[in-house]
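Single-letter residue listing:
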Amino acid sequence: MTDIADIATPAPIAPSGQGARSFRLSTAGYLGLAIILAWAIVALLAPVLALPAPNASDLAALADPRPSANHWLGVDLSGRDILSRTIWGARTVLTVAPIAVAGATVVGAVLGLCAGYYRGVPDSVLSRVSDIILSFPVIILYMIILTKFGASAFNIVAVITVTKAPIIYRLVRAMTLELREREYVAAAQMRGESALYIMLVEILPNARGPIVVDVCLRLGYTTIAIGALGFLGIGLPPPTPDWGGMVRETYGMISIYPHMAIVPCIAISSLVVGFNLLAVGLRRRVQHG
Amino acid sequence: MAEPGPLLACERLTVDYGSEGGRQRAVDDLSFHIGRGEAFGLVGESGCGKSTVALAIMRHLGPNGIVANGAIRFEGTDLLGLGGEALRRVRGARIAMVYQDPLSSLNPVMTIGRQLMEVPLLHRTADRATARRLAVQALADVELPDPEALMSRYPHQLSGGQQQRCVIAMAMIAEPALLVLDEPTTGLDVTVEAAVLDLVDRLRRRRGTAVLFISHNLGAVGRLCDRVGVLYAGRLVEQGALAQVFRNPRHPYTRGLLNCVPSAGANRQGRPLTPIGGSLTEAARLAVGCAFADRCGHVVEGLCTSRPIALASVADEASHVARCVRSESLPTFAWRQASVPQPAARAATETILEARGLSKRYDLDGSSIAALGGIEVELERGRTLAIVGESGSGKSTFARILSGLTGADDGELSFHGQDIARLPIAKRSRDLRQRLQMIFQNPDSTLNPSHTVGYALRRAAGRLCGLRRQEADAEVSRLLKLVQLPTHYAQRMPDQLSGGQRQRISIARALAAAPEVVVADEPVSALDVSVQAAVANLLKDLQERQQLSLVFISHDIALVRYMADYVALFYRGRVVEFGPADAVFAPPYHPYTQMLLAAVPDPDPDSPRPRLALREPSAVQPGGTERGCPFTNRCPYRIEGKCDREKPPIVIPSAGHRIACHLSPENLPHDLVGAFGGAALS
Amino acid sequence: MARYAVRQLGYMALTLLVVSCAVFVLNEFAPGDVARKLLGAYATQEQVEHLTQQLGLDRPVLVRYLEYMGDVLRGNFGQSLTFKVPVAQILLERLSNTLLLAAIAFAVIVPLAVLFGVLAGMREGSVEDHSILIAANFLSSLPEFATGVFLVSIFTVWLGWLPGTSPLSTGGNWSIASQLVMPVLVMALYDMGYLIAMIRVSMIGVMRQPFIRTAILKGMKRRDVIVKHALRNALIAPFTAILLQINYLIAGVVVVETVFAYPGFGRLMLQAAMSKDIALVEAGALVAVLIAMTTQLVGDLGYMLLDPRIRIRK
């Protein structure tokens, strides 16, 4: 599993003039956006779609759990409809992942701005801490914290925030360090602007592009992380439908009924592909102004 | 001369660049030729297509560049038809190129020696031992010290001038027939630039190498070339022998260019710089008639705009052609007068800013560097104090201390009696911030790309003057008018403006609070020549009208001569000369001042060209030597045992004029008296 | 540079201390757990407290920590509650299994990633570039368990070429080598995507540099330009990232190990965490951090050595 990509990739500083004046993405970007929106819509509409309840066992169907007219994607070992569980699983992921990433982004960005702008002691301390967290194998951290404190949506969000924030911190700090040397920052200082104003109004808007690209990437990796945690059995507690958990439960049957494990794998892969494609599309736009 | 005909003949070359937005014509129907051993200069500002020409010759236009028409014949063969192996044999061996930014043109992880040796290994099928010998010899030919040791150094260990010499060595090592130089001295200090140009001149005369010298710097071209061609909007507008074109320019654009370059011989009272109005538009590129018509002061509707204009010979001057239907009716071109002697000395005003013993050190990698050591200068109300220096002189550090972006370690900087040497900007009172503002160097980063022009100005007005929304808006309009920009520009974003326009906004922003002192740190260095003139004039004008006291920091000594009342010359953190501009420049006395003035390239073919021995600094070393005179190592007049040991005393030849030199006034060299006006010291 | 190395070693030691202390405190703060676990759920509170006292678990945390560190330095990591053997023993055994897998995977990943990354970055925007980029992005979008499921479905269930699990036993029909194939494949496919993207970006950056133009205009063949000029520059920045993959390959592959039931370090840690085998968890954390710090140190030093701009001051 993991967020090996959490070792920050070098991000280009956005060229000047990145207003949202023309919103054009490349094909890849649109494709990614389409995938994500499709999942989002499906997840949103889950309660009103005519699906069997995700936790309802249809024991009769266990005779032949393969896809059939009643259950388009078949049922799992407990007779629960896979299509339904997949769709409800999307809800879970699309709730937890964005919240976690939002938390990480806010924490990382704020600390990164401060470290990059003030430099000196706060910078050294924060950077050291971030290095430690980053170098620590994330999965180990997950395991230790989650088994101590138990798995719940809140705990997962908290752990992901803590482990993802350093990446955003590094990114924002690097950009702040570069942007603070720009002359318009000096001009603002000469007007007597406060540090808060300079960080939020002068520097941050110009760091928008790479941050947005990174958020997309984080969403993808967080989705993988949540899936992996579920797969290992330390994710959200059952019976919440969770793609990773679904694979875990059905992996043992793979030689007989592979569809049970394959469907959630395809689901999670497609969502992450969507995030990554969107990131590629956005990155191209950021780089080419 | 075995081969008949020119070495390089560019015939009707037309190059387009294709992009998502369509095709853009970069070079249109260009024809010129270079004979064997001849130096040809191609001159123009940004966007004229001169770099495209160089890249077309080297067949390196990139995927977007398309040669729509024409041929480039080199020794008889059309380069545009070559491919693969044949092209590789020409590149580096028969035609070699020298580029603009030498540091990034060299591989940072490969030693100088290896990079040089690659050329003979590739082209002369030499073995390693021979290649090495040739490389060392090439380094010696470009007058670099200790070539053997240099072979195993890396590019980042050398100074800019040394790096460029290495690139030149690499180009010359295979003894090419043609050397193409694309803005080779942009970004180098003026003394280094002069030395490099002289080197190229010596080399090409010795080896009989032809040179294609591409530059926007008319003076540099004038120093090196035999013939010159002027490009505008991708078209050749004038061509001929250098002396002819510069003495008797027959195209309005050429005249305009020559008129807006400040000359080291002309001071404030001389004729003002005349910028070229307007700017190069895309429509102009596509114009049927003259591309310069929309900016030309001599344009005649219909005559100039209705049909294509061909190059026509100029009367009585063989091989001098100009693309202008009115060229014969243009008035005689007169170079600006040299200095007009100052009328009665302007009444001295009060001194409002005074630096005494200002010092600052930087700690870099464990060693301490003195960026400034004991600076003493004064600024009077309503006058311009120019600070001149090359890289490492400490002038930017001085600007930063003045503006409060950094603090001095020692000494005093008193502004109306208040010592601000160690007063950071955050601690300055609003009143002080109002009175002392700054204009920055780089038009690309002086404005926040995410804010509109109006926001930037409103914010300045609001913060510095405490104006509220309504008043601030009115203020924005007033400021835009002040810098001669239309008021609707307030809605624009910086990337919709040109460099010159951005710099004007930067000036407007600084003036929002009606300051007393404006610190301008290289305000025009990054702009095109014609735009420089416009912005410089604006500053001068504003200064007169608003009674500003201006601290004008620049490395461009000719521009300084044009702008300044008082001049302070910085070298390695010390002031080597200070005084009224005329006293300092006409004639120049301090050996460094002399060297700077002699190094400034002047396009006027009739101006005397003193050629002093110009020695470059041996390595990059910011900050001065602790003992003795900072200029010792490069000074042609130095006294062994004295100049390198004892700090030079301050000599005062006339009121307000200070020179830091061991030589007494009578003994100061007078080589340049007459070259720059003025009379000898008595 | 030696000064830098010494300073970094100091930081490393400090970090190890801090992390091990944090892990220790986190786990052992509630001493009752250990005794209760030993005695079972039905023991009375009195019995639990008595055992706690006997084991010396009621002493202050920091004292116990120092004692623990003393033991560690003598090589004694304690006893594993789950496996009933000394921690050092089981840890070493599992670690060496993982190291085997990691070594093979590393040997596969790095050359391929460099190859594809360079090929893609060489000509930005070309067909090769786009296809490699899409493939790399796609690969790094698949979670390891998904790749595992897909591969097992194809190669075990459908084709029957490879075993579905890799318990490293010689008892069954499958050779050890065949048991290693799919785990390595999954690790490689996941990790390569990321590395290829990184190297590609670096290569593109280098190819845009003016000194590449200089080399071309000297008359060099394009292939020579890439190999002699571009390559070394392009690999400097990703060097550290490449080394950090070792970190992931050893400590981060618990999912792969779980999919294939491979007796490795990650799975060991998971089991230890879930069964609250404290000694094992602490030891594992120490090892993980040690590996992380070492790879980072080697990466940093290597980077400094590779780039003469850092190695040699003016």
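These figures come from a predicted structure and were not determined experimentally.

Conventions we followed
- Residues numbered from 1 in each chain as written.
- Chains lettered and ligands numbered in written order.
- Predicted model: local features only at pLDDT ≥ 70, side-chain atom pairs only at ≥ 80, totals over all residues.
- Helix = DSSP H or I, 4+ residues; strand = E, 2+ residues; numbered from the N terminus.
- Buried ≥ 20, exposed ≤ 12 C-beta atoms within 10 Å, placed from the backbone.
- Contact = placed C-beta atoms within 7 Å.
- Pairing = 2+ DSSP bridges.
- Nonpolar A, V, L, I, M, F, W, Y, C, P; charged D, E, K, R; others polar.
- Domains from an automatic or database assignment.
- pLDDT = per-residue confidence, 0-100.
- Axes fitted to C-alpha atoms, helices over the stretch in contact; angles between N-to-C directions.
- Parallel < 35°, antiparallel > 145°, perpendicular 65-115°, else oblique.
- Left-handed = near helix turned anticlockwise from the far one by under 90°.

A. Inspection of the overall build of chain B at higher detail. Across its full length, chain B holds 21 helices and 24 strands. Relative to its 682 residues, chain B shows a buried fraction of 53%. For chain B, restricting intrachain contacts to residue pairs at least 6 apart in sequence, the fraction spanning at least 24 positions comes to 69%.

B. Geometry of the overall build of chain C. Along the backbone of chain C there are 14 helices and zero strands. Reading the secondary structure of chain C in the N-to-C direction produces α-α-α-α-α-α-α-α-α-α-α-α-α-α. In terms of overall dimensions, chain C has a C-alpha envelope of 85 × 60 × 30 Å along the principal axes. Within the span of chain C, comprising 314 residues, buried residues form 44% of the whole.

C. Region of the structure containing the pairing of strand 22 (residues 574-580) of chain B. All names here are of chain B. Of all seven residues in strand 22, six are buried, a share of seventy percent or more. As paired elements, strand 21 (residues 566-571) and strand 22 share six bridges and run antiparallel to each other. Within the sheet, the bridge partner assigned to F570 lies in strand 22 and is V575.

D. Main features of the interface of chain C and chain B. Each partner contributes to the interface: chain C provides 20 residues, whereas chain B provides 25 residues. Every element with two or more residues in the side of chain C that touches chain B is listed here: helix 9 (210-217), helix 10 (222-251) and helix 14 (308-311) of chain C. Split into classes, the residues belonging to the side of chain C that touches chain B amount to seven nonpolar, five polar and eight charged.

E. Just helix 1 (residues 50-57) of chain B, in detail. Among the eight residues that make up helix 1 of chain B, six are buried, leaving the element largely enclosed by the rest of the structure. Those residues of helix 1 of chain B lying buried are B:K50, B:T52, B:V53, B:L55, B:A56 and B:I57.

F. Structural view of the interface of chain C and chain A. Every contact between the two is made by 48 residues of chain C and, on the other side, 37 residues of chain A. Within the residue set of the side of chain C that touches chain A, elements represented by two or more residues are helix 1 (2-28), helix 6 (127-139), helix 7 (144-158), helix 8 (176-207), helix 10, helix 11 (254-259), helix 12 (265-274) and helix 13 (278-306) of chain C. Tallied by class, residues from the side of chain C that touches chain A come to 32 nonpolar, 13 polar and three charged.

G. Inspection of the sheet that holds strand 5 (residues 77-78) of chain B at higher detail. Residues and elements named next belong to chain B. Here four strands make up an open sheet; going across it, the order is 2-1-4-5 and the pairing antiparallel. Lying at the two open borders of the sheet, with one neighbouring strand each, are strand 2 (22-34) and strand 5. The pairing of strand 4 (residues 65-74) with strand 5 spans two bridges and is classified as antiparallel. Bridge pairing in strand 5 places R73 opposite D78.

H. Inspection of the domain arrangement of chain B at higher detail. Examined at the domain level, chain B breaks down into domain 1 (8-225), domain 2 (351-555) and domain 3 (586-667). Computed over C-alpha atoms only, the centres of domain 2 of chain B and domain 3 of chain B are separated by 29 Å.

I. Region of the structure containing unusual backbone geometry. Residue and element names in this part refer to chain B. Notably, E143 is not glycine yet its phi reads approximately 60°, a positive angle. The residue E143 is located in the loop between helix 5 (128-141) and helix 6 (147-150) in this model. Taking the number of C-beta atoms within 10 Å as the measure of exposure, E143 has 15 and is therefore partly exposed. Unusually for a residue other than glycine, H416 sits at a positive phi of about 50°. Along the chain, H416 turns up in the loop between strand 16 (410-415) and strand 17 (418-419). Looking at H416, the number of C-beta atoms within 10 Å reads 15, which means it is partly exposed.

J. The arrangement of the environment of B:E350 in detail. Residues and elements named next belong to chain B. With respect to the element layout, E350 can be found in the loop between strand 12 (317-322) and strand 13 (351-364). Separated by 66 residues in sequence, E350 and H416 place their C-alpha atoms 9.8 Å apart. Residues contacting E350, with those up to four places away along its chain left out, are E380 and R381.

K. Structural context of the confidence of the model for chain C. Residue and element names in this part refer to chain C. For chain C, mean pLDDT is 83; residues scoring 70 or higher make up 92% of the total. For chain C, per-element mean pLDDT is lowest for helix 2 (residues 32-39), which scores 64, and highest for helix 9, which scores 93. Here the predicted complex carries an ipTM of 0.83, next to a pTM of 0.85.

L. Highlighting the packing of helix 3 (residues 120-135) of chain A against helix 5 (residues 153-179) of chain A. All names here are of chain A. Close contact between helix 3 and helix 5 brings their axes to 9 Å; oriented N to C, the two are set at 125°. On the basis of the axis angle, helix 3 is oblique to helix 5. Here helix 3 and helix 5 pass one another in a crossing that is left-handed. The residues of helix 5 that touch helix 3, namely those facing S130, I133 and L134, are V162, T163, P166, Y169 and R170.

M. Expanded view of the pairing of strand 18 (residues 436-439) of chain B. Residues and elements named next belong to chain B. Both faces of strand 18 are covered, namely the face carrying L436 and M438 and the face carrying Q437 and I439. As paired strands, strand 18 and strand 19 (residues 517-521) are joined by four bridges and run parallel to one another. Looking at the pairing, L436 lines up with V517 of strand 19.

N. Geometry of the sheet that holds strand 11 (residues 312-314) of chain B. Residue and element names in this part refer to chain B. An order of 6-7-8-3-9-10-12-11 is seen for the eight strands of this open sheet, with the pairing classed as mixed. Edge positions in the sheet fall to strand 6 (95-98) and strand 11, since each of these pairs with one other strand and no more. Averaged over neighbouring strand pairs, the angle between their axes works out to 20° when direction is ignored. Across six bridges, the pairing between strand 9 (residues 227-232) and strand 10 (residues 235-241) is antiparallel. By the bridge assignment, R227 is partnered in strand 10 with A241. Its contacts with the sheet place helix 7 (residues 160-172) against strand 6 and strand 7 (178-182), and it is angled at close to 175° to strand 6.

O. Structural view of the packing of helix 6 of chain C against helix 8 of chain C. All names here are of chain C. Remark: helix 6 packs on helix 8, axes separated minimally by 7 Å, with the N-to-C direction vectors making an angle of 135°. If you check the angle between helix 6 and helix 8, you find them oblique. Here the hand of the crossing between helix 6 and helix 8 comes out left-handed. Where helix 6 abuts helix 8, its residues I132, L133, A136, N137 and L139 lie against L189, Y190, M192, G193, I196, A197 and R200. Here the residues of the contact of helix 6 with helix 8 are counted per class, giving nine nonpolar, two polar and one charged.

P. Main features of the environment of A:E183. You can see A:E183 is positioned in helix 6 (residues 183-190). Apart from residues no more than four positions distant in its own chain, A:E183 is found in contact with B:F440, B:N442, B:S445 and B:T446.

Q. Here's a closer look at the confidence of the model for chain B. With 91% of its residues at a pLDDT of 70 or more, chain B has an overall mean of 85. A low-confidence stretch, residues 619-624 of chain B stays under pLDDT 50, and its non-local contacts, those more than four residues away or across chains, total 17 contacts.

R. Spotlight on the environment of A:A153. Residue and element names in this part refer to chain A. When you line up the elements, A153 lands in helix 5. Judged by C-beta crowding, with 17 C-beta atoms within 10 Å, A153 ranks as partly exposed. When the C-alpha positions of A153 and F136 are compared, they lie 22 Å apart, and in sequence the two are 17 residues distant. For A153, the contacting residues outside a window of four places in its chain are V96 and L236.

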